[in-house]
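This is what each chain is made of:
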Amino acid sequence: MIISALSQRAVLAGLTALATLGAGSIPAYAERPVEGPRPLAAAEEEDDSSGLKTFATQISEARMAPYGSVAPGEYSDALADLRGLPGTAGRWREVTNQPYDNDDPAYRDPVYSNSGAGWGNVAGRITGLAAGRGYVWAGGADGGVFRKSLTARHARWEPISDRILALSTGDLVYDEHADTLWYATGEANTGGTTYTGAGVYRLRKARSGTFTDADRVGGDELESRSINQLKFDGRGTVYAATTRGLWRHSTDPARHGQPWQLVLMPNPASDDDITKPYDNIVNDVLIPPRDRGRTVLANAAWRSGAAYNGYYLSTAGGAPGSFARTALTGLDDADVGNAEFTASRDGGRFYLVQESPAGLAAGASALKGVFTATNVRGPWTLVADSSKLERSGSAIGEDQDYPVGVQAWYNNFIEVDPADPRHFYVGLEEVYETEDGGGAWKTIGPYWNFGFDCFDRTQPDGGCPATTHPDQHSIAVSGGTVLIGDDGGVYSRPLPPGRSAEDAAGHATDWTNHNAGLRTLQYYSVGTGRDPNRRGYTVAGGLQDNGGSLLRAGARKQVSPFGGDGGDVIVNPRNGCQILDEYTYLILWLTKNCGVSDGTTSAIFDVSVPDVNARFTAPFRVVRGSRNIGDGTSERWVAGGNTFWRHDYGFSYTAAQAAADPSRSWKPQYTLDATGQRLIVGMDAVADPRAPADPARDTYIASWCGQANCNSAGFTRGVVTNWGGAWTELDLTGLPNRFPNNVVFDPYDRTNSTVYLIFNGFNRRFIEGPGAGVKHVYRGKLGKTAGGVSVTWTDLSVGFPDVPATDVVVVGNRLVVGTDLGVLVADRRATPATIRWRRVGPAPGTTRGSLPLTAAFDLHVSRDGYLYAATHGRGIWKTPLPLL
């Protein structure tokens, strides 16, 4: 599919349109921005009838299948096991520590790039922000907390939480008077690319110190819960609004170790029911200033609607048992979704922004509205809705089938100016500001600049003022500055209206970009190849909401040839400018020149796979040891959705060939099921060394999950291969009934009869029921029998921490496994009695050569002599292969 240029730049959305995708066709997506291809949340629920899921939910499914929750303790135990392992001699080196320039004019493909959007340098999703006394703290979605001075010249971001368990951020709050930073872990926007946390940490001397395990407040009561907000009553109590209830704790340092107290759980029985993970979500708390903590109003709601959705009020100081479901005057009690609050400093004015489950279900805007009141009970008055905000200078809207607030369940914030109760901000997909209590609005941070009169792709900066990246999550106000955290990092501008500036359309002209050195990029994949124009190797990768990045050999910054989301990637090792990049759902884009374009001609063309139901980030691989049937200089490809596909041309494929063939030369090899509900999640392919150019002699293997959502009731999984000549489902009797994240052939077994299979998720200690199983890594030995193919599985998990496994590669005699807490290695020849797992590199947080304690999603063995790890929160890292 060729998406229209943004002379018509909208594309690729409508998740439900995927249901109409048939073999040989491309989905008829609704018009939607390239950058934001997130589907409606209604299509992410467990009972989704379409059977289509986004990567957001699919990350969670992989770790929790076959059901939807994990109990406190799993990551703590896993980390303790990990820290007890010996490390290898090699050190890790950060690869993507250069600025990531989304707007480089040399990579401005008119169809496939977002260069010129106005975002400038970008970082990963920032879900917590705090500022004060000349400093700012930014919390990455899975990258931990970074600190930077706002006043010092040449100040740099520095990580300050690498020594603690959770790098996933829910909220940050800074107490200026005590120089104390409160860190709520566990991102709680229910997007599912989110990770649970380990509770709340309190850092004293926040301007100079770093977090340690001893800084955790209380015990493990909040572990494996994600935290939406921390709110303080000013009387010595802090409240934590979590995905599993509302909790509170004393702020008295002398009571630091006391347990958290549960004060509100709408459905107590569901907390221990792993089939009901969404029954107790508390999104935010409103505590009126100067009320001495007597009144506490909580919003509890699941984004898609539930019987408990509503507002809960306590007039007894938030004591357990004192909260009562309360209908607030002026609000529709039958359509309450995720809400966030703010209050003026004098307590005379309250504001809230609320999501609409009904709008979400209808495929319209999910924004119920922005409301104000002078009493928490109401009446609450509507001051803005989707249409009003669209008319304020928005870059999105109904005419694009992408209305304001379409993701109000995922990205939202609201904050009032401490000096002016009528001046406040709302963050949704864009950033909005009002100076008169909601009468008039300005879109000060539009989604992008495409389509505006000022946009000129021939200008290096795109012609328009810089703007904020889409999808807003956090906000902080301090020292006359407002700071915004979103899917692209941190931006700031002057707070007082008299000091800030906008153009005639109301778009801010004074944003400051803080993303250089903020190393929170969320990668799904990494690939490398020799740079044809420079000495060294290119490094490419796909990212959450930040497209496909490219680091040229010797370059001082990264660039973005591909826009939108980025998934998997293949790079030609002989020519690192030949890159196959995934947008979503096996929509694949190919460049032969690193995507270099001045905007007048396209350097990229579409080679999408015509699958009926691929995963959001579906796998595709080279056929190892093969030669393509075009020029024979690169390998062939395979891809996996509901069907296992083969592409024989590889990087010899041309735009002319693609234009002449609706199937883009993809050939189906094997379909998992007729209903389209089973999806390939891991795969490998090997050519016959005696006939590397003959696709008919390739050997394939794939791991898959089903039914439909790869989670909850009906969960199943399997491994299928054509080893032995015919496609066969391997016997998995005795193996965990969990998510089989990847499977590969042993490259040193010329018969391809040795395979390695890894499982995501946790063991029986943390998931009871049909997910029972206690292992993560297996070696399989294939054999021929009279009835077909047999397999003998050997458990290699002895000594392996109970942590989700994400990827597996073989390097010489080393078996290397990526996990949610780093990378592990063992001898591939070992037996269960002799295997000894080691951590790759020094212990996390101990030296600059340590891999941060975050999920390593993808491992890549590069011809430059390094193992690369793509982390989902801290960028790409590498370590020498000989030292594994």
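Residues numbered from 1 in each chain as written. Predicted model: local features only at pLDDT ≥ 70, side-chain atom pairs only at ≥ 80, totals over all residues. Heavy atoms only, no water.

### As for the overall build of the chain
Here comes step 1: Counting its secondary structure elements, the chain contains five helices and 57 strands.
Here comes step 2: By the burial criterion, 67% of the 884 residues in the chain qualify as buried.
Here comes step 3: The contacts of the chain with a sequence gap of at least 6 include a subset with a gap of at least 24, amounting to 58%.
Here comes step 4: Surface exposure of the chain reaches about 28,100 Å², of which carbon and sulfur atoms provide 49%. (Helix = DSSP H or I, 4+ residues; strand = E, 2+ residues; numbered from the N terminus. Buried < 20%, exposed > 50% of the residue type's maximum accessible area, 1.4 Å probe, protein only. Contact = heavy atoms within 4.5 Å. Areas by Shrake-Rupley, 256 points an atom, 1.4 Å probe, with all protein chains shown as cover.)

### Considerations on the state of the cysteines
Here comes step 1: A complete count under the given rule lists two disulfides for this structure.
Here comes step 2: Each sulfur of the disulfide joining Cys454 and Cys464 lies 2.0 Å from the other. As the torsion about the S-S bond is roughly 105°, the Cys454-Cys464 disulfide counts as right-handed. Highlighted residues: Cys454 in the loop between strand 26 (442-445) and strand 27 (472-478) and Cys464 in the loop between strand 26 and strand 27, separated in sequence by ten residues.
Here comes step 3: The side chain of Cys577 participates in a disulfide bridge whose partner is Cys594; the two sulfur atoms lie 2.0 Å from each other. A torsion of -85° about the S-S bond marks the disulfide between Cys577 and Cys594 as left-handed. Of this pair, Cys577 sits in strand 36 (residues 575-582) while Cys594 is found in the loop between strand 37 (588-591) and strand 38 (604-606), placing the two residues 17 residues apart along the sequence. No difference in accessibility class separates Cys577 from Cys594, as the two residues are buried. (Disulfide = S-S within 2.5 Å.)

### Observations concerning the sheet that holds strand 26
Here comes step 1: Across the sheet, which stays open at both edges, the four strands sit in the order 23-24-25-26 with antiparallel pairing between neighbours. The open sheet has two edge strands, strand 23 (413-417) and strand 26, and neither has a second partner. Taking each pair of neighbouring strands and ignoring which way they run, the sheet shows an average axis angle of 30°.
Here comes step 2: Relative to strand 25 (residues 431-434), strand 24 (residues 420-427) runs antiparallel, the two sharing four bridges. If you follow Tyr425 over to strand 25, its bridge partner there is Glu433. (Pairing = 2+ DSSP bridges. Axes fitted to C-alpha atoms, helices over the stretch in contact; angles between N-to-C directions.)

### Description of the pattern of salt bridges
Here comes step 1: Enumeration over the complete set of coordinates arrives at 35 salt bridges.
Here comes step 2: With its nearest N and O atoms 3.3 Å apart, the salt bridge here joins Arg225 to Asp271. Of this pair, Arg225 sits in the loop between strand 10 (216-217) and strand 11 (227-232) while Asp271 sits in the loop between strand 14 (261-264) and strand 15 (282-286); the two residues are 46 residues apart in sequence, bridging distant segments of the chain. Like Asp271, Arg225 is buried.
Here comes step 3: The salt bridge involving Asp531 is made with Arg552; its shortest N-O contact spans 2.8 Å. Pair noted here: Asp531 is in the loop between strand 31 (527-530) and strand 32 (537-542) and Arg552 is in the loop between strand 33 (548-551) and strand 34 (558-562), with a separation of 21 residues, a long-range link.
Here comes step 4: Residues participating in the shared-partner salt-bridge network are Glu433, Glu435, Lys442, Arg493, Glu502 and Asp510. (Salt bridge = Lys/Arg side-chain N within 4 Å of Asp/Glu carboxyl O.)

### Notes on the sheet that holds strand 50 (residues 788-795)
Here comes step 1: Read across the sheet, four strands follow the order 47-48-49-50 without closing on themselves; strand pairing throughout is antiparallel. At either margin of the open sheet sits one strand with a lone partner, and together these are strand 47 (742-745) and strand 50. Geometrically, the sheet is characterised by an average inter-axis angle of 25° between neighbouring strands, direction not taken into account.
Here comes step 2: In the sheet, strand 47 pairs with strand 48 (residues 754-758) via four bridges, with the strands oriented antiparallel. In the sheet register, Val744 faces strand 48, and the bridge partner there is Tyr756.

### Quick notes on unusual backbone geometry
Here comes step 1: In this structure, the amide linkage connecting Gly378 to the following residue, Pro379, adopts the cis form with an omega of 10°.
Here comes step 2: By the secondary structure assignment, Pro379 is in the loop between strand 21 (367-373) and strand 22 (381-384).
Here comes step 3: Positive phi outside glycine occurs at Ser224, with the angle close to 70°.
Here comes step 4: On the secondary structure map, Ser224 appears in the loop between strand 10 and strand 11.
Here comes step 5: Of note in this structure, Asp401 is not a glycine but carries a positive phi near 55°.

### Considering the packing of aromatic side chains
Here comes step 1: For the structure on display, the rule yields 30 aromatic pairs.
Here comes step 2: Taking 6.5 Å as the distance between ring centres and 15° as the angle between the ring planes, the aromatic pair formed by Tyr524 and Phe857 counts as stacked. Here Tyr524 is found in the loop between strand 30 (512-513) and strand 31, whereas its partner Phe857 is found in strand 55 (residues 856-861), with 333 residues between them in sequence.
Here comes step 3: The class for Phe857 is buried, based on a relative accessible area of 13%.
Here comes step 4: Taking the centre distance of 5.9 Å and the plane angle of 80° together, the rings of Phe759 and Tyr778 count as edge-to-face. Here Phe759 is found in the loop between strand 48 and strand 49 (777-785), whereas its partner Tyr778 is found in strand 49, with 19 residues between them in sequence. As far as burial versus exposure is concerned, Phe759 and Tyr778 are alike and both buried.
Here comes step 5: Ring-pair connections join several aromatic residues into one group, and the members of that group are Trp119, Tyr402, Tyr447, Trp448, Phe450 and Phe455. (Phe/Tyr/Trp six-rings, centres within 6.5 Å; stacked < 30°, edge-to-face > 60°.)

### Overview of the pairing of strand 7 (residues 169-175)
Here comes step 1: Across the seven residues that make up strand 7, a large majority, five, are buried.
Here comes step 2: As defined by bridge partners, strand 7 adjoins strand 8 (residues 180-185) across six bridges and the pair is classed as antiparallel. Bridge pairing in strand 8 places Leu172 opposite Tyr183.
Here comes step 3: Taken together, strand 7 and the strand that follows it, strand 8, pair antiparallel across an intervening segment of four residues, in which Asp179 is found at a positive phi of about 50°.

### Topic: the confidence of the model for the chain
Here comes step 1: The share of residues in the chain with pLDDT of 70 or more is 89%, and the mean pLDDT across the chain is 89.
Here comes step 2: Low confidence marks residues 1-57, where pLDDT is under 50. Its contacts with residues over four positions away, or in another chain, come to 187 contacts.
Here comes step 3: Counting contacts from residues 762-773, a segment whose pLDDT is below 50, to residues more than four positions away or on other chains yields 45 contacts. (pLDDT = per-residue confidence, 0-100.)

### Digging into the nonpolar core
Here comes step 1: Core analysis: the largest hydrophobic core is formed by 56 residues, its most contacted members being Val370, Leu389, Phe424, Val426, Leu428, Trp441 and Ile876.
Here comes step 2: For this core, the elements supplying multiple residues, two or more each, are strand 20 (350-355), strand 21, strand 22, strand 23, strand 24, strand 25, strand 28 (481-486) and strand 56 (866-871).
Here comes step 3: Among all residues touching Leu428, those that are not within four sequence positions of it are Val353, Leu367, Leu389, Val404, Gly405, Ala408, Asn411, Asn412, Asp471 and Gln472.
Here comes step 4: Formed by 40 residues, the second largest nonpolar core is a distinct cluster that contains Val810, Val817, Leu824 and Trp837. (Core = buried A, V, L, I, M, F, W, Y, C linked by side-chain atoms within 4.5 Å.)

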